[in-house]
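# Structural characterization, general
Here's the letter readout for the chains.
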Amino acid sequence: MSETGIGARVRRKEDRRFVTGAGNYTDDVNIAGQAHAVFRRSEHAHAAVKSVDASAALALPGVLGVFTGDDLAADEVGALPAGWMIHSKDGSPMNAPGHPCLVQGKARYVGDPVAVVIAETQAQARAGAEALEVDYEELDAVIDLTETQSSSVLLHDDAPKNTCYEWELGDKAATEAAFAKAHHVTRLSLTNNRLVPNAMEPRAALADYDAGTGSYTLYTTSQNPHVARLVMSAFLNVAPEHKLRVIAPDVGGGFGSKIYVYPEEVVCTWASKKVGRAVKWTADRTESFITDAHGRDHATDAQLAMDERGRILGFRVRTTANLGAYPSLFATCVPTYLYATLLSGQYDIPAIYAEVDAVYTNTVPVDAYRGAGRPEATFVVERIVEVAAREMGIDPATFRKRNFVKKFPHQTPVIMTYDAGDYAASLNRACDLIDYKGFNRRRRDSARNGKLRGIGFSNYIEACGIAPSAAVGSLGAGVGLWESAEVRVNPTGNVEVLTGSHSHGQGHETTFAQLVAERLGIGIDQVEIVHGDTDKVQFGMGTYGSRSGAVGMSAIAKALDKVEAKAKKIAAHLLEAAEGDIEFKDGTFSVTGTDKSISFPEVSLSAYVAHKFPTSEIEPGLKEGAFYDPSNFTFPAGCHICEVEIDPATGVTDIVNWVAVDDFGVVVNPMIVEGQVHGGIAQGVGQALLENAVYDSSGQLLTASYMDYCMPRADDLPDFTVDTTVTPCPSNPLGIKGCGEAGAIAAPAAVINAITDALGHEEIAMPATPQAVWRAAQVAAREAAE
Amino acid sequence: MYDFAFHRPASIRKAASLAADEDAKLLAGGQTLLPTMKQRLAAPEALIDLSGIEGLTGIAMKGRTLHVGAMSRHAEVAESPVVREAIPALAALAGGIGDPHVRNLGTLGGSIANNDPAADYPAACLGLGATIATNKRRIPADDFFTGMFETALQDGEIITKVLFPVPRRAGYAKFANPASRYALVGVFVSKRSRQVRVAVTGAGPGVFRATDMEEALSKRFAARSLDGVSVPAGDLNDDIHASADYRAHLVGVMAKRAVDAA
């Protein structure tokens, strides 16, 4: 391994500009003469918009225009679509009404944009938005996902029972048969709490129409600018693809929330032509809370059937998933193909049957958020496995090992084929690192200090590197999920790599350069990673689902193969040797068995000078592109163990010990991977202990600021012990599985398993706030006394 | 934020005359006022910045009384050797308000004039039996805090300093709201000669004295004296962060911890 190659702890190239304030985020971009947009948003969760009187607003200084849904409709601007078709059990297609970019007819959640005001300054636009007189007819709202299917309130005329789909997966009859012969059945009802993503950088858009060329440029906070352009072109009719350039410059965090196309960037783009000015919008934090797609929000009943030795026989899951008011771009696949397909966990389960109803409520749309379906699945699997072990009196680690998948490839009953893994290795290593054997002693020590100590496991698995295009296509995806790359070698031997992946915190400028530098034998500072601009990168599918390493880097590797092959041809001419005798190693082409050699920069220069090889046989230049479509999902897995100490007097949970042993396949940069694990655990701990999006019954989000919505902070978290075990991924050339979401997927179950272990009481909802833990501790104490 | 006029008077007299305008607001540290204005929940026509006035700062002992200027920043109080020597519980309380940004701007006078029902300083003032000095008069803490965001201050009245009698023992224990880090429940206890004070913030609609606890601690100033003594949950806040009965329970726990810390 070189100092900067695969596996090296290379410091992030991009951090200098980020930590010195030299980053270039969408809000940092300014275009001469730009105007500002402010949206007037529905203050009601459900209301017919009878009229919007703009006369007072238009009379205010600086106001350039006021637009409503009628104006968009007149220009045939479409509604935001759902990008993944799901069919119900009965074979009928899902009911997925589009989301108009400005309300047409009625508003369906607090925050739904009713109108936009464009003005010379942001303050003038804000004044204009306040001056709009919106005549609402308030309608009853339905907020609770468990009530909406039987509610008299109907959100969408074409979605009866407020239901998008009633979907199933697995073999119902086989699962019933497994339960019929069970020795023990464990039952659990769980809520997966609704979360607000809270990227550090709020969403923003700056759009500019060039009347001379008839083309638009949109700067926006996107995890996948090409997909944004495709959707805006093909579905929204804003501009044809070749007349729309989408640039996602530095993006300050996404966690999924910046995958989707939102109303604001569409409206700004459309309006820039309408008003003949560049139009800028940046969300404030309150807008982020009430408009960024939320995450999670499931209610689940699950049953697990075991034989007398604790071998799992069957698993039955019934989930209701809240989609919010409209189906967001990826929303329909999250509680189905990203959730139920992972219900086998790390276990060899003969029969699984899952039913998922996706429902509409008068709340912010819900879509993929770090982990997207897999945290929900892991929470169900790892909670019920833990409870089953406790109920059967089997040590939870032993129970898990007894049921692990041990032979690969392994076909689960829920679509997935696990390709490689060693689950016992992660579990054993984690048990050693946390001193599992010493836990009872630590528990007694805590008890002497009046504290309750508990330990909880989470043996998660996820499907990442999404995914073979044919496979996702057969499951309903509207797009393929490959990735593209182009390697441009300059005459002087340095390299630009254009990638369809998008970095918004992941460190691609470093990790991708590590691969390229090692392969070409050049310095890491000789490599520039170019991303996030549809005019530079031809097409790409973007970054989400921990796919950029496994898919994006594999595309680069494939392009590098082509570069090397062509460079060898040129080197053969320069060295006057047969192509088959050319070896390429550490940046030097040499002729096998001789001392004749030539360096990579000499070959790249020669490629462009083109004097020394026949251009009739070899084209001048050294630039190669590749599209890479994976042959399978990847399956990162691992074991997280959380140890907590609870103060029964207050209910405060203190995380005192955390071990994570993950199998991410080949690790490109351990430092960056550890950072991803730390951040993921922090978000998972946030879900387990702190974060909760709370609506009142009228549909107002009560937790719409940091005064009420609790983000995890450094002092909420322990020092983490993180380690990896490695089984290389067989389905991509680099052996990478992906690491971006693992922590968030694993953490909630580990925390709740630890808390319930400490309390000796299984019923506690997330977030396990001090009040909730205090109450549960009291119930547990009462039960123990009885 | 809406437009507003900005004044920075150099004297209390000038500030008071500007403050006579009921559409004007005094600006001390601005840690509540400015965010509220940014959210357009407050729209004063004028701000009167008190930071240019001499005589509103300074921390000193005068006899057995600690004088703290109204414009003293929380960080100054937390780090002041004089405060740490005289009333360490007060320094610790100031050091636990908000975060470093808040502590470097927020002021004692601003905090108690705002009288947020979950703020820390009102508990210290009431729990120590402080006296609030203004440009017009001196107001005992018992008369100063009159309700949620309400005080005895009149229009144009400006707090100049707070006089804290030095107790023999004092302690503050706060159970912070995990999100805002304001007090979900905060209890300040003090003992000075025979007088015991227990002031509770965060739990109710405003800071209040827990008289049953004071009585119990007057007999013996020890945590165990509080066994079985509680505050009625019926008077306490009940919201998404904590129910009234949990708050009532926490008052008991925090009172004991405050006594232990004293």
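This is a predicted model, so every value here is computed, not measured. (Residues numbered from 1 in each chain as written. Chains lettered and ligands numbered in written order. Predicted model: local features only at pLDDT ≥ 70, side-chain atom pairs only at ≥ 80, totals over all residues. Heavy atoms only, no water.)

## A short note on the sheet that holds strand S24 (residues 597–599) of chain A
Residues and elements named next belong to chain A. Strand order in the open sheet formed by three strands is S22-S23-S24, with antiparallel pairing between adjacent strands. If you trace the sheet from one side to the other, it starts and ends with strand S22 (582–585) and S24, each paired once. Neighbour to neighbour, the strand axes of the sheet diverge by 20° on average, direction disregarded. Bridge count between S22 and strand S23 (residues 588–591): four bridges; the pairing is antiparallel. By the bridge assignment for S23, Ile582 is matched with Val591. Against the sheet, helix H16 (residues 600–609) touches S22, S23 and S24, its axis set at about 75° to S24. (Pairing = 2+ DSSP bridges. Helix = DSSP H or I, 4+ residues; strand = E, 2+ residues; numbered from the N terminus. Axes fitted to C-alpha atoms, helices over the stretch in contact; angles between N-to-C directions. Contact = heavy atoms within 4.5 Å.)

## With respect to the interface of chain B and chain A
Counting residues at the interface gives 21 residues for chain B, matched by 25 residues for chain A. In total, chain B and chain A occlude about 1,700 Å² of area from one another, counting both sides; carbon and sulfur atoms represent 52% of this. At the boundary of chain B and chain A, one finds five salt bridges. The closest approach of N and O atoms between Asp715 of chain A and Arg181 of chain B, which form a salt bridge, is 3.0 Å. Counting every contact that joins chain B to chain A gives 14 residue pairs in polar contact (both at pLDDT 80 or more). Tallying contributions element by element places helix H11 (residues 244–261) of chain B first for the side of chain B that touches chain A, with seven residues. Of the residues that constitute the side of chain B that touches chain A, the class distribution is 11 nonpolar, six polar and four charged. (Buried area = accessible area lost by both parts, 1.4 Å probe. Salt bridge = Lys/Arg side-chain N within 4 Å of Asp/Glu carboxyl O. Polar contact = N/O pair within 3.5 Å; in protein donor to acceptor, adjacent residues only side chain to side chain. Nonpolar A, V, L, I, M, F, W, Y, C, P; charged D, E, K, R; others polar.)

## Side note on the packing of aromatic side chains
Applying the stated criterion across every chain, the model contains 26 aromatic pairs over all chains. A ring pair is formed by Phe144 of chain B and Phe145 of chain B, whose centres lie 4.9 Å apart and whose planes are at 85°; its orientation type is edge-to-face. Each member of the pair, Phe144 of chain B as well as Phe145 of chain B, carries the same accessibility label: buried. Stacked on the ring of Tyr262 of chain A, the Lys or Arg Arg203 of chain A has its end atom at 3.6 Å from the ring centre. It is Arg40 of chain B that lies over the ring of Tyr2 of chain B; its NZ or CZ is 4.1 Å from the centre. (Phe/Tyr/Trp six-rings, centres within 6.5 Å; stacked < 30°, edge-to-face > 60°. Buried < 20%, exposed > 50% of the residue type's maximum accessible area, 1.4 Å probe, protein only. Lys NZ or Arg CZ within 6 Å of the ring centre and 35° of its normal.)

## Considering the domain arrangement of chain A
Residue and element names in this part refer to chain A. When its domains are assigned, chain A resolves into domain 1 (31–139 + 203–291), domain 2 (143–194 + 295–404), domain 3 (437–454 + 633–786) and domain 4 (482–628). A separation of 37 Å is found between the C-alpha centroids of domain 1 and domain 3. Each side of the interface is counted separately: domain 1 has eight residues, and domain 3 has 10 residues. When the two sides are added together, the surface that domain 1 and domain 3 hide from each other amounts to roughly 670 Å², 61% of it contributed by carbon and sulfur. Our enumeration of links across domain 1 and domain 3 arrives at two residue pairs in polar contact (both at pLDDT 80 or more). Looking at the side of domain 1 that touches domain 3, its residues break down into five nonpolar, one polar and two charged. (Domains from an automatic or database assignment.)

## Some points on the pattern of salt bridges
Residues and elements named next belong to chain A. The tally for this structure, following the rule as stated, stands at 59 salt bridges over all chains. A salt bridge links Arg316 to Glu176, with the shortest nitrogen-to-oxygen separation between them at 2.9 Å. Of this pair, Arg316 sits in strand S14 (residues 312–324) while Glu176 sits in helix H5 (residues 172–180); the two residues are 140 residues apart in sequence, bridging distant segments of the chain. For Lys258, the salt bridge goes to Glu201, with nearest N and O atoms at 3.1 Å. Highlighted residues: Lys258 in the loop between strand S11 (244–247) and helix H7 (263–275) and Glu201 in the loop between strand S8 (184–195) and strand S9 (204–210), separated in sequence by 57 residues. Here the two residues Lys258 and Glu201 agree in accessibility, since each one is buried. If you follow the salt bridges from partner to partner, you end up with Arg41, Arg203, Glu264, Glu265, Glu287 and Asp292 in one network.

## What about the nonpolar core?
All names here are of chain A. Phe315, Leu343, Trp658 and Ile755 are the most contacted members of the largest nonpolar core, which has 178 residues in total. For this core, the element with the highest residue contribution is helix H18 (residues 742–759), accounting for 12 residues. Val497, Phe512, Ala517 and Ile556 belong to the second largest nonpolar core, which has 48 residues in total. (Core = buried A, V, L, I, M, F, W, Y, C linked by side-chain atoms within 4.5 Å.)

## Here's the deal with the sheet that holds strand S5 (residues 65–69) of chain B
Residues and elements named next belong to chain B. Pairing is antiparallel across the open sheet formed by five strands, whose spatial order is S4-S5-S10-S6-S7. Two strands bound the open sheet, and with one partner strand each, they are strand S4 (59–62) and strand S7 (138–140). Across the sheet, the mean angle separating the axes of adjacent strands is 25° when strand polarity is ignored. Of the strand pairs in this sheet, strand S6 (residues 131–134) and strand S10 (residues 159–165) are connected by four bridges, and their pairing is antiparallel. Looking at the pairing, Thr134 lines up with Ile159 of S10.

## Structural notes on the pairing of strand S13 (residues 295–306) of chain A
Residue and element names in this part refer to chain A. For S13, the buried fraction is high: 11 of the 12 residues fall into the buried class. As defined by bridge partners, S8 adjoins S13 across 11 bridges and the pair is classed as antiparallel. Pairing of Thr191 across the sheet is with Ala299, part of S13. As paired strands, S13 and S14 are joined by nine bridges and run antiparallel to one another. Looking at S14, one finds that Met306 is bridged to Ile312. Where S13 hands over to S14, the hairpin turn is made up of five residues, of which Gly310 adopts a positive phi near 85°.

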